[in-house]
Amino acid sequence: MNKYYYCDGKPMMCVSIDICSHFLTHGHMQAQRALWPGNRLGSCMPTAMAMAMPCQSQQGAVADHWNYSFTSDFDLTSLFDNSQMHLFLFSIVVLIYVLAVTGNLTMVLLIWADSRLHSPMYFLLSQLSFLDIFFTSVTVPKMIVGFLWGWTSISFGGCGAQMFFFMFLGAAECLLLALMAYDRYVAICNPLRYPLLMSRRTCCLMVIASWLGGSLNASIQTILTLQFPYCGSRKIAHFFCEVPSLLQLACADTAAYEKVLFVTGVVVLLVPIAFITASYALILAAVLRMKSAEGRHKALATCSSHLTVVNLFYGPLVYTYMLPASYHSPGQDDIVSVFYTVFTPMLNPIIYSLRNKEVSGAMKKVIVKCIVTRNG
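Residues numbered from 1 in each chain as written. Predicted model: local features only at pLDDT ≥ 70, side-chain atom pairs only at ≥ 80, totals over all residues. Heavy atoms only, no water.

**Quick word on the confidence of the model for the chain**
For the chain, the average pLDDT comes to 79, and 80% of its residues sit at 70 or higher. Predicted confidence for residues 1-69 stays below pLDDT 50, and this span has 89 contacts to residues more than four positions away or in other chains. (pLDDT = per-residue confidence, 0-100. Contact = heavy atoms within 4.5 Å.)

This is the structure we're talking about:
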């Protein structure tokens, strides 16, 4: 609330904390000059102490808002209620989460154990599966605990941690998918130079770059989001701490930050999408020039797996972070978030194993070996 004082019958407003600080530091007359430059202030009625008290109270109120932001817990919204239908849907989500973690962990171990899969493409695929395990685990376990035991509250620090790791892993996966498109471009358009261009050192640098890019993005977004005061409702209209949902609770103007959020969305989402599109345009041109039908089929099968994963992951993220708020509703946001935090990580290993003969062959080999070992 703005504080008004009267001087010669005219209102004088304590307009900001800066003016209050200026007044408290430099005294009555200098603070009035800061408010009304050139005005004659000799007959002003309020004394220095009378003006200091409201300004100090305003400072104290803002400090209380900040203390409230840091010390009070947030309350997450549960996806499900106790109806039979929601219990069934909850069971499905838990099953999909278990399948996602199991499938991606199996993919990582399979690529590590089978020497035939020790190539740059499968090394990057193992890193994608590794990211998916943690990406889905950032949000789903908290949602499960909240539904089963009613523990929907989350501390200010816990909310910040969840938001950081969610954005860190999500941005790293976006960048990694773009780099995987480059791997497919080199393999199809420059096969003779593939061992040189996609050396082990290059692959490690690509993975490190994706992790560093994700970490930088998450650090900026988390710091900027948490610097706002949250002095009103603590009820987050979402099942986890995501930036757009948290900003709705801020008791400050977030318009400038939302523009920053849009710019980072362009960098993390649209730039990689443009890179992937350009890579596959060149790949398609090279495939159409191939004379061997078998070569075309193999190239398209490998690329289609990656393109399917790209569409499943980027599509919901573009909807969440690039579309204006008027296109969003809490129910739609929940469905979209469940899709890219639960379903997509579960589908990734299935897509790559079904569409890739080398992965499916290695899987069959492991299964047969386990059966023989058990029978023996």
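**Quick notes on the pattern of salt bridges**
Going through the model one piece at a time under the given rule, you end up with three salt bridges. With a closest N to O distance of 3.0 Å, Arg184 and Asp183 form a salt bridge. Judged by relative accessible area, which is 1%, Asp183 ranks as buried. (Salt bridge = Lys/Arg side-chain N within 4 Å of Asp/Glu carboxyl O. Buried < 20%, exposed > 50% of the residue type's maximum accessible area, 1.4 Å probe, protein only.)

**Comments concerning the nonpolar core**
Formed by 90 residues in total, the largest nonpolar core has its most connected members in Phe74 and Tyr230. Setting aside residues no more than four positions away along its own chain, Phe74 makes contact with Thr152, Ser153, Ile154, Phe156, Cys159, Tyr230, Arg234, Ile236, Leu246 and Leu249. (Core = buried A, V, L, I, M, F, W, Y, C linked by side-chain atoms within 4.5 Å.)

**Examining the sheet that holds strand β5 (residues 235-236)**
Spatially, the three strands line up as an open sheet ordered β4-β3-β5, and their pairing is mixed. In this open sheet, the two strands that pair with only one neighbour each are β4 (153-154) and β5. Bridging between strand β3 (residues 74-76) and β5 involves two bridges; their strand directions are parallel. Looking across to β5, one finds that Leu76 is bridged to Ile236. (Pairing = 2+ DSSP bridges. Helix = DSSP H or I, 4+ residues; strand = E, 2+ residues; numbered from the N terminus.)

**Looking at the packing of helix α7 (residues 156-189) against helix α11 (residues 255-288)**
Remark: α7 packs on α11, axes separated minimally by 9 Å, with the N-to-C direction vectors making an angle of 15°. Taken as axis vectors, α7 and α11 run roughly parallel relative to one another. Read as a crossing pair, α7 and α11 show a hand that is left-handed. Contact with α7, carried on its side by Ala171, Cys174, Leu175, Leu177, Ala178, Ala181, Tyr182, Arg184, Tyr185, Ile188 and Cys189, involves Val268, Leu269, Pro272, Phe275, Ile276, Ser279, Tyr280, Leu282, Ile283, Ala286 and Val287 of α11 and no other residues of that element. (Axes fitted to C-alpha atoms, helices over the stretch in contact; angles between N-to-C directions. Parallel < 35°, antiparallel > 145°, perpendicular 65-115°, else oblique. Left-handed = near helix turned anticlockwise from the far one by under 90°.)

**Re the state of the cysteines**
Taken as a whole and assessed by the stated rule, the structure comprises two disulfides. The disulfide partner of Cys231 is Cys251, and the gap between their sulfur atoms is 2.0 Å. Here Cys251 lies in the loop between α10 (243-247) and α11 and Cys231 lies in the loop between α9 (200-226) and β5, a separation of 20 residues in the sequence. With a relative accessible area of 24%, Cys231 lands in the partly exposed category. According to the relative accessible area criterion, Cys251 is partly exposed, its value standing at 35%. (Disulfide = S-S within 2.5 Å.)

**Some thoughts on the side chain of Ser129**
By the element assignment, Ser129 lies in helix α5 (residues 120-137). Owing to a relative accessible area of 3%, Ser129 belongs among the buried residues under this scheme. Residues contacting Ser129, with those up to four places away along its chain left out, are Asn104, Met107 and Val108.

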